[in-house]
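# A structural walkthrough
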Amino acid sequence: MAGGQGTRLGHKGPKGTFDIGLDSHKSLFELLSDSLKEQGKKYGVVIPWFIMTSKENNKDTIEFFDKHRFFGYEKDKNIFFFEQGELPMVDTEGKILIGEDGLIKEAADGHGGIYEALVKNGMTKKMRELGVEWLFIGGVDNCLVKMVDPILMGIAIQKQVSAAGKSVVKANPQEKVGVFCRKNGRPSVVEYTEIPKDMAQAIDERGELIYGESHILCNLFNIDAVERMGSKPLPYHSAFKKATYIDKNGKTVVPDGPNAYKFEAFLFDAFGELDDMAILRVKREEEFAPVKNASGVDSPETARELYKKFYNV
Ligand code: UTP
């Protein structure tokens, strides 16, 4: 998933083109492609790579890949780009905004838009043609994302479930992460903003947090499940963002701070469509180094250190 706006990071251009500051100055896209190619070599296959972009960054993303010769991949043969959907943005009074092109201002529909985008753009069909049965979905901003994991796939097959997700142990009950849970008997993720304090702190007989498996946007799905999830609408969550628009006098307004709501679907809101899901707890320092903020936690600095330690570079 590489369609996000990366507002917190503040990088101009697609987030995948961001250089986290390694000596090699490789972009996030290149770091991910390195790991895919290494795994492909290990198993003697070329692992097909599907990249979700947004209307806003699709052109820049493809140009970037083109400039880097698709990192050894072949476009439309084993690397594919597809655009996620968009939803209209509204101002604080609920009025639809007009963008600089004179059309209704729209923004990417959130990472939950991936299922519908995969189906609508013919990607699941393409996957079937390629003989793909399982699809790993992860975020471009996790430079340690392990896209190829036979253990995760093995667990899903052994447990006869159509999806498997990875978790890391919540650092403390207050950590601002969503955690895996069951909702009305179905797999789900409860956001840190929604979990009651007593549930967040509850421990089991071993002294571990009952709701302590953080969802890290690393999930594996059977293609049938993706197609099923892609045919059902998801709820929208609103986010207050900065949006340039044309005012009623036809003047372009570039706001200094957030001024409009965008609507986003969340990937995990579709988990309720699954009968069950296997969860594999992994080590944070081995698989989770997200680049979210310009500085502080989950920043290029923290991701770079984790990457260097893991790869010994
Ligand atoms: P985030 O939720 O961190 O969003 O995305 P973001 O857009 O990158 O950053 P902020 O919130 O604006 O600062 C997690 C992953 O989901 C992808 C992102 O590219 C990232 O890999 N994503 C997010 C999409 O592909 N599309 C979206 O609409 C939103």
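Presented here is a report on the structure given in the accompanying data block. (Residues numbered from 1 in each chain as written. Predicted model: local features only at pLDDT ≥ 70, side-chain atom pairs only at ≥ 80, totals over all residues. Heavy atoms only, no water.)

A few words on the overall build of the protein chain. Regarding its fold elements, the protein chain presents nine helices and 15 strands. Its C-alpha atoms give the protein chain a radius of gyration of 20 Å, within 12% of the compact-globule value 20 Å for 313 residues. Seen along its three principal axes, the alpha-carbon backbone of the protein chain occupies a region of about 60 × 50 × 40 Å. Within the protein chain, buried positions represent 48% of all 313 residues. Summing over all exposed atoms, the protein chain offers an accessible surface of approximately 16600 Å²; the carbon and sulfur share of this is 49%. Distance from the positive charge centre (43 side chains) to the negative charge centre (47 side chains) of the protein chain: 1 Å. (Helix = DSSP H or I, 4+ residues; strand = E, 2+ residues; numbered from the N terminus. Rg over C-alpha atoms; globule rule 2.2 N^0.38 Å. Buried < 20%, exposed > 50% of the residue type's maximum accessible area, 1.4 Å probe, protein only. Areas by Shrake-Rupley, 256 points an atom, 1.4 Å probe, with all protein chains shown as cover. Lys, Arg positive; Asp, Glu negative; His and termini not counted. Charge placed at Lys NZ, Arg CZ, Asp CG, Glu CD.)

With that out of the way, let us pick up the site of the ligand. As a structural note, the neighbourhood of the ligand is formed by 20 residues, with Gly3, Gln5, Thr7, Gln84 and Lys292 the closest of them. Gly4 places a polar main-chain atom, nitrogen or oxygen, 3.0 Å from an oxygen atom of the ligand. Take Lys241: an N or O atom from its side chain is 3.1 Å from an oxygen atom of the ligand. Relative to its unbound accessible surface of 560 Å², the ligand loses 91% to contact with the protein. (Near = heavy atom within 4 Å. Polar contact = N/O pair within 3.5 Å; in protein donor to acceptor, adjacent residues only side chain to side chain.)

Glancing now at helix H7 (residues 223-230). Within the sequence span of H7, burial applies to Ile223, Ala225, Val226, Met229 and Gly230. Looking straight down H7, one finds that the buried residues subtend no more than 155° of arc, so they occupy a single side. Looking at the buried positions of H7, the neighbouring elements they touch are helix H3 (114-120), helix H4 (123-129), strand S6 (134-138) and strand S10 (213-222). (Arc of directions from axis to C-beta. Contact = heavy atoms within 4.5 Å.)

Let us now look at the pairing of strand S14 (residues 260-264). Side chains of S14 alternate between two faces, with Ala260, Lys262 and Glu264 buried and Tyr261 and Phe263 left unburied. Sheet analysis places strand S4 (residues 90-91) next to S14, joined by two bridges and oriented antiparallel. Bridge pairing in S14 places Val90 opposite Tyr261. (Pairing = 2+ DSSP bridges.)

Let's shift gears to the sheet that holds S14. The strand order across the open sheet formed by three strands is S4-S14-S11, and the pairing between neighbours is antiparallel. Each edge of the sheet is formed by a strand with only one pairing partner; in this case those strands are S4 and strand S11 (237-241). The pairing of S11 with S14 spans five bridges and is classified as antiparallel. By the bridge assignment, Ala239 is partnered in S14 with Lys262.

So, on to the environment of Lys242. Among the secondary structure elements, Lys242 is positioned in the loop between S11 and strand S12 (245-246). Sequence separation between Lys242 and Gly257 is 15 residues; the distance between their C-alpha atoms is 5.7 Å. Ignoring anything within four residues of it in the chain, the contact list for Lys242 reads Pro255, Asp256, Gly257, Pro258 and Asn259.

Looking now at the packing of aromatic side chains. Enumeration over the complete set of coordinates arrives at 18 aromatic pairs. Taking the centre distance of 6.5 Å and the plane angle of 85° together, the rings of Phe64 and Phe65 count as edge-to-face. Residues Phe64 and Phe65 agree in their burial class; the two are buried. Between Phe65 and Phe71, the aromatic rings sit 5.4 Å apart at their centres with planes inclined by 80°, giving edge-to-face as the arrangement. (Phe/Tyr/Trp six-rings, centres within 6.5 Å; stacked < 30°, edge-to-face > 60°.)

In this model helix H9 (residues 300-311) runs 16 Å from its N-terminal to its C-terminal C-alpha over twelve residues, within 8% of the 16 Å that 1.5 Å per residue would give. Pro300, Ala303 and Tyr307 are the residues of H9 that are buried. Projected down its long axis, H9 shows its buried positions confined to an angular sector of 65°, all on one face. Exposed residues on H9 whose side chains face more than 90 degrees from its buried face are Glu301 and Lys309. On its buried face, H9 sits against helix H1 (28-43). (Expected span 1.5 Å × (residues − 1).)

On to the state of the cysteines. Taken as a whole and assessed by the stated rule, the structure comprises zero disulfides. Cys218 provides the cysteine sulfur closest to Cys181, a residue in no disulfide bond, and the two sulfurs are 18 Å apart. Residue class for Cys181 comes out buried when judged on its relative accessible area of 17%. The thiol of Cys218 is not disulfide-bonded; the next cysteine sulfur, from Cys143, is found 11 Å away. (Disulfide = S-S within 2.5 Å.)

This next bit is on the environment of Asn219. As for its placement among the helices and strands, Asn219 is situated in strand S10. When the C-alpha atoms of Asn219 and Leu135 are compared, they prove to be 8.4 Å apart, with 84 residues separating the residues in sequence. Non-local contacts of Asn219, meaning those with residues more than four positions away in its chain, are made with Leu135, Phe136, Ile137, Ala164, Gly165, Lys166, Phe180, Leu267, Phe271 and Met277. Within polar-contact distance, the side chain of Asn219 engages the side chain of His215 at 3.0 Å.

This structure, assessed with the given rule, holds 23 salt bridges. A salt bridge links Lys95 to Glu93; the shortest N-O distance between them is 3.8 Å. The shortest N-O distance in the salt bridge between Lys262 and Glu264 comes to 3.0 Å. Lys262 sits in the buried class, given a relative accessible area of 3%. (Salt bridge = Lys/Arg side-chain N within 4 Å of Asp/Glu carboxyl O.)

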